[in-house]
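Residue-level structural notes
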Amino acid sequence: MRRLWRSTSGYPAVPEEESPEGVRRAALGSAALAVGAYLVALAARRVYPFGAGPRAGTVLAEQVIPLHAHLWDLLHGHGGGDLLINWNSGYGVPFLPDLVTDLLNPFSLLVVLVPRDQVGLAVFLGTLLSIGLGTALMTVFLGRLHPGPPWLRALVATGYGLCGWVLVEGIGQPAWLWGLVSLPLVGLAFDRCLRRTGWPLGAAAVALAWVGDFYTAATATLGAALVLVLRLLLERRPAGERLRSLGRALAMTAVGVAAAAPVLWVTFEAGRNAVPAAVLHPGTPGITDYLARLLPGGLAGSALPDVFAGVLGLLLVAALPFNRAVPVRERLAWPAALALVAASFVWRPSQLLWHVATAPQGDPYRSTFVLAGLLTMAAWVCLAHRPDPLALGGGVALLAVLAGLTWARQSAGALGWVLPAAGVPVLVGALRVLAPAGPGPDETAGPPPRVLRRAAAVVLSCAVFAGASAAAYAALGPRDRDPDDATAATTAAAPAPVPVLVPVPAPDLVAEQTAAARRLLQGAEDWPAARADPGPQALTGNDPMLLGGQGGGYRSDYLPLATAQTLHGLGAGWLLQGRQTLSAADPVGQALLAVGSTLQPDLTVRRAPAAPLVTVRPPGAPDPPSGASVWARQQALLGATVYQVPALVPGAGPAPTDHGRSGWSLPSTPAGEAGTELTAACSPGRLAYLYAPYLNGRLSRPGGALTVRGEQNATALPILPLGPVPPDGVVRVTVRVELATQVPASPFGCLDPAALNQAVQALRAGGARSVRAGGHTIGAELPPGSTGSAVLAVPAVPGWRCGVDGGPTAPAGSVQGLLAVPLGAGASRVDCTFEQPGLAPGLWVSAAAVGGWLLVTVGSRWRRRDRTAAPGPVRQARSELSPPAG
């Protein structure tokens, strides 16, 4: 502790060489402060691990935890697939894009240390470690930006570790938290370019940042580059040396990014083949709303960048323009840079720059942590120059103006006023004790007593910790977006609409239900002979990864368009504009997709006969015409007629309008009326089904009613069961809708279960004798001399290559979206292998970058050895000829 108090004035009068031990202590201390404050806020809110788990519908619950559960399976040798293919989800989808996007934060590997039912704990620990590491690295980087007491840097960096972006956005996307680490990490790498040392280590740091999470690494690199340019402009260096420093940084970035090329190329190709995401173009916010986001704990009623970075940081940034100890150029440059970056987040052309020339999707402000980092750096520049009473007074006045401007705005929460009002006087007093004014001409003034300085340091530390805890407490509370905000529906963490009524378990039953469902699926496992489907969305959108089995449920930013279209074409549902698919819910769809057992919402397993995973389609089998009904598409794959498809006959209520092959328009139901009745005639005893994917309203059917929430292109309903056709042979449903909606031309299908069983037996008799499924391969032994096409019940996503009888492979074909392999004149074996698009060229680029990096590293070491081995006079001559370092 003595080294933290070695200066009698609280600050060293002259910058001195910092001891590595002091820097390590300060870095660890800042990490402990940030993590401790976060834990206090969690405990006060009584949320995980001190209470309930993540809220249903959030990305954390729907995607992150199931993905980590799947990673646990892979690391323990229990996974359904490997790093290339995920056999559990979407009836077989690529896994590498999900891995490199959501699971390459190094702390994700903590899942290997916990039991599978505790993967949420591993995710939580990864969040804590990311916050701690990012805060610690920022503490170190601030010392490179300007010398000063490490422990004070730790206090300033705490505001960065718990900035608004971390608390509102980052903790829900643990992969993004690597961006919190990447900004100071890349900043330290670029600092080596200024000091002309450690270029290989800097390039490795850039590569680590980009591999850990390329989304946030790109924006962190832009932010670090801005800081580098700012430092070059402010420091007095020859123009040639500035250009050389920029060149070193550009080369370092190029090598580091090229080393991460497999990540970038794979995700680029996966993004091209994925379901397009909704593009967000948020409007420009009002200046007062934006300024209110600087207040710690202030929460927005509309989507805005979350930029608050603690009361101490806010005070020091406000005091910077008035700090006469800071050179005038810095006092002008830092506020200008902050203003430009803040404006760039809400100006559409510059938004494209922060999102790497792509339209913002999902969260339009995921780069906000860069602004929080710049605020932290500006705050340290002010504090490192010992702000005097005039500077602190100017900062307080500026904060008062900010409070006046934002007083009536909804953007600021109650703590947004309480924290500055209570914290600023305490912080100002503590800073004045720690950094008193210098002695006057009579040399009689001196530093305050050591005991008083120690007390002030404790007060300052406690104030920072309390402020960070309170801000985190406010940010972790319930948040409501403005219902009129155009981005609210996409950016708010609201549960995804469920297309059918699915029981939602209470929080205390989730763990028990998950364990019971997993045991049932393990007991029903028969892969690859047949699939055990987790069934409808019971817990998350990624139940197959969370529970096991092989289902159609899959939620991902990289959900292949081919998968979504194939399952939708066979009558399965989707959510989130097609970025979440659901399992097939009807008997024919399940039979076609080789689903032999299905987990029911009441935690029972329903078994049914299913076709094998690989079937043989005879030569010349007809394809359904364009625009055919879902019933015709299913029967074409099945190779048999199992449905009656009756014509729709309007009944009582507001009359629908017939648009021919385009379907029927149902008018909105007037108040007081039951709705529009739809009828059809079928043979009694058959099982009736309804397919109206975009129906939105109240559906009454024999045996009950349910609310359905279909929406064109956003939420597609699966095929819905209506029960047995009654003795009079008339199927009736009544639909009550608020807004006019549309149903297909042939919405009713009446299934003959006996005909379905016969069709399945025929497929089994002519299909695969045995099926093999490896990590990213699948093959089957067919009846000798099989002709036509082998159809695999796997969506035909790009990357599959297949061959027959051990011959050369070629890109797989498709039949109604499923993998299909021509058998030629006759074949007895089919084999398919998945090759991830973009992986091979990415590996070549990465290998070239690593090779160049190794050459530079070896050359640098060789030159250093050469200098060390040179005779004394030669070394002296070389040192005289060498330019000075940084």
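Our subject is the structure that appears above.
Everything numeric here is computed off the predicted structure, so don't read it as measured data.

Things to note about the overall build of the protein
When its secondary structure is counted, the protein shows 28 helices and 29 strands. Relative to its 886 residues, the protein shows a buried fraction of 54%. Once local pairs closer than 6 in sequence are excluded, the contacts in the protein between residues at least 24 apart make up 75%. Per element, the accessible surface of the protein, about 36,200 Å² overall, is 63% carbon and sulfur.

Here we look at helix H11 (residues 261–273)
An ideal rise of 1.5 Å per residue puts 18 Å on 13 residues; H11 measures up with 18 Å between its terminal C-alpha atoms. Among all positions in H11, only Ala 261, Pro 262, Val 263, Val 266, Thr 267, Glu 269 and Ala 270 are buried.

Side note on the state of the cysteines
Considering all chains together, one arrives at two disulfides under this definition. A disulfide bridge connects Cys 802 with Cys 832, and the sulfur atoms are separated by 2.0 Å. The chirality of the disulfide connecting Cys 802 with Cys 832 is right-handed, given an S-S dihedral of about 110°. Of the two residues, Cys 802 is situated in strand E25 (residues 800–804) and Cys 832 in strand E29 (residues 827–834); the sequence distance between them amounts to 30 residues. You can call Cys 802 buried: its relative accessible area is 5%. Taking relative accessible area as the criterion, Cys 832 reaches 1% and is therefore assigned buried. Taking only the cysteines that form disulfides and numbering them from first to last, the protein has the pattern 1-2, 3-4.

Focus on the sheet that holds strand E20 (residues 741–743)
Spatial ordering of the open sheet is given by E12-E13-E20, a layout of three strands whose pairing is antiparallel. In the strand order of this sheet, the two ends are held by strand E12 (657–658) and E20, each with one partner. Strand direction decides the pairing type here: strand E13 (residues 664–666) and E20, joined by three bridges, are antiparallel. Within E20, the residue paired with Trp 664 across the bridge is Val 743.

Points about the pairing of strand E19 (residues 730–736)
As judged from the six bridges shared by strand E14 (residues 676–681) and E19, these two strands associate in the antiparallel manner. Across the sheet, the residue bridging to Thr 676 is Val 735, located in E19. Two elements, strand E16 (residues 696–701) and E19, share three bridges in a ladder whose sense is antiparallel. Following the sheet pairing, Ser 700 is matched in E19 by Thr 734.

Considerations on the environment of Arg 450
By the secondary structure assignment, Arg 450 is in helix H19 (residues 450–475). On a C-alpha basis, the gap between Arg 450 and Leu 434 in space is 9.9 Å, while along the polypeptide they are 16 residues apart.

Looking at the sheet that holds strand E27 (residues 813–815)
Pairing in this open sheet of four strands is antiparallel, and the strands run E9-E24-E28-E27 from one edge to the other. Among the strands making up the open sheet, the edge pair consists of strand E9 (614–617) and E27. Strand after strand, the sheet turns through a mean of 40° between neighbouring axes, direction not considered. Both E9 and strand E24 (residues 789–795) contribute to a ladder of four bridges, which runs antiparallel. Bridge pairing in E24 links Val 614 to Leu 792.

As for the side chain of Thr 566
Relative to the helices and strands, Thr 566 resides in helix H23 (residues 561–569). Other than its neighbours up to four places away in sequence, Thr 566 contacts Gln 816, Gly 817 and Leu 818.

Focus: a nonpolar patch on the surface
On the surface, a nonpolar cluster with roughly 380 Å² of combined accessible area is contributed by Leu 75, Leu 109, Val 112 and Leu 113. Here Leu 75 is to be found in helix H2 (residues 59–75). You can call Leu 75 partly exposed: its relative accessible area is 41%.

Details of the pattern of salt bridges
Counted under the stated rule, the structure contains 21 salt bridges. Put simply, Arg 244 and Glu 241 hold a salt bridge, and the shortest N to O gap is 3.3 Å. Taken together, the residues Arg 244 and Glu 241, both in helix H10 (residues 239–259) and three residues apart, mark about one turn of the helix. Take Arg 244: its relative accessible area is 47%, and that puts it in the partly exposed class. Here Glu 241 falls in the buried class, since its relative accessible area comes to 8%. For Arg 829, the salt bridge is made with Asp 831, and the minimal N-O distance between the two is 2.8 Å. Given the relative accessible area of 31%, Arg 829 is considered partly exposed. On the accessibility criterion, Asp 831 (25% relative accessible area) is partly exposed.

Let's talk about the nonpolar core
Grouped together as the largest cluster of nonpolar side chains are 184 residues, with contacts concentrated most on Tyr 38, Trp 334, Met 377 and Trp 800. If you tally residues by element for this core, the top one is helix H16 (residues 368–384), at 14 residues. In this structure, Val 588, Ala 591, Trp 631 and Ala 759 belong to the second largest nonpolar core, which totals 30 residues.

Looking at the packing of aromatic side chains
Counted by the stated rule, this structure contains eight aromatic pairs. Aromatic side chains Trp 87 and Trp 527 sit 5.4 Å apart centroid to centroid with 45° between the ring planes, which places their arrangement in the tilted category. In this pair, Trp 87 sits in the loop between strand E1 (85–86) and strand E2 (93–94) while Trp 527 sits in the loop between helix H21 (507–524) and strand E3 (531–533), placing the two residues 440 residues apart along the sequence. For the ring pair Trp 165 and Phe 369, a centre distance of 4.9 Å and an interplane angle of 45° mean the geometry is tilted. Linking Trp 165 in helix H6 (residues 164–168) with Phe 369 in helix H16, this pair joins segments that are 204 residues apart in sequence. Per residue, the accessibility class of Trp 165 equals that of Phe 369, and both read buried. Grouped by ring-pair contacts, the aromatic residues Trp 87, Trp 527, Trp 800 and Phe 834 constitute a single cluster. A cation over an aromatic ring shows up here: Arg 45 above the ring of Tyr 473, its NZ or CZ 3.8 Å from the ring centre.

Let's talk about helix H17 (residues 389–406)
Relative to the 26 Å expected for 18 residues at 1.5 Å per residue, H17 spans 26 Å between its end C-alpha atoms, a close match to the ideal helical length. All buried positions along H17 are accounted for by Ala 391, Leu 392, Gly 394, Gly 395, Leu 399, Leu 402 and Thr 406. Down the axis of H17, the sector holding all buried residues measures 155°, keeping them to one side.

Points about the environment of Asp 306
Within the fold, Asp 306 resides in the loop between helix H12 (287–292) and helix H13 (311–319). For Asp 306, a relative accessible area of 4% translates into the label buried. Expressed as a C-alpha distance, the spacing of Asp 306 and Leu 295, which sit eleven residues apart in the sequence, is 9.7 Å. Not counting residues up to four positions away in its chain, the partners in contact with Asp 306 are Gly 164, Trp 165, Val 168, Glu 169, Arg 293 and Thr 368.

Structural notes on unusual backbone geometry
That bond from Tyr 48 to Pro 49 is cis: its omega, 5°, falls within 30 degrees of zero. Mapped onto the fold, Pro 49 is located in the loop between helix H1 (20–45) and H2. Here the residue pair Trp 527 and Pro 528 is connected by a cis peptide bond, since its omega of 5° sits within 30 degrees of zero. Looking at the secondary structure, you find Pro 528 in the loop between H21 and E3. If you check the backbone angles, Arg 196 has positive phi at about 55° while not being a glycine. Of note, the phi angle at Gln 577 is positive, near 55°, even though the residue is not glycine.

The rules behind each value
- Residues numbered from 1 in each chain as written.
- Predicted model: local features only at pLDDT ≥ 70, side-chain atom pairs only at ≥ 80, totals over all residues.
- Heavy atoms only, no water.
- Helix = DSSP H or I, 4+ residues; strand = E, 2+ residues; numbered from the N terminus.
- Buried < 20%, exposed > 50% of the residue type's maximum accessible area, 1.4 Å probe, protein only.
- Contact = heavy atoms within 4.5 Å.
- Areas by Shrake-Rupley, 256 points an atom, 1.4 Å probe, with all protein chains shown as cover.
- Expected span 1.5 Å × (residues − 1).
- Disulfide = S-S within 2.5 Å.
- Pairing = 2+ DSSP bridges.
- Axes fitted to C-alpha atoms, helices over the stretch in contact; angles between N-to-C directions.
- Patch = residues over 30% accessible without salt bridge, like charges linked within 9 Å, V, L, I, M, F, W, Y side chains within 5 Å.
- Salt bridge = Lys/Arg side-chain N within 4 Å of Asp/Glu carboxyl O.
- Core = buried A, V, L, I, M, F, W, Y, C linked by side-chain atoms within 4.5 Å.
- Phe/Tyr/Trp six-rings, centres within 6.5 Å; stacked < 30°, edge-to-face > 60°.
- Lys NZ or Arg CZ within 6 Å of the ring centre and 35° of its normal.
- Arc of directions from axis to C-beta.

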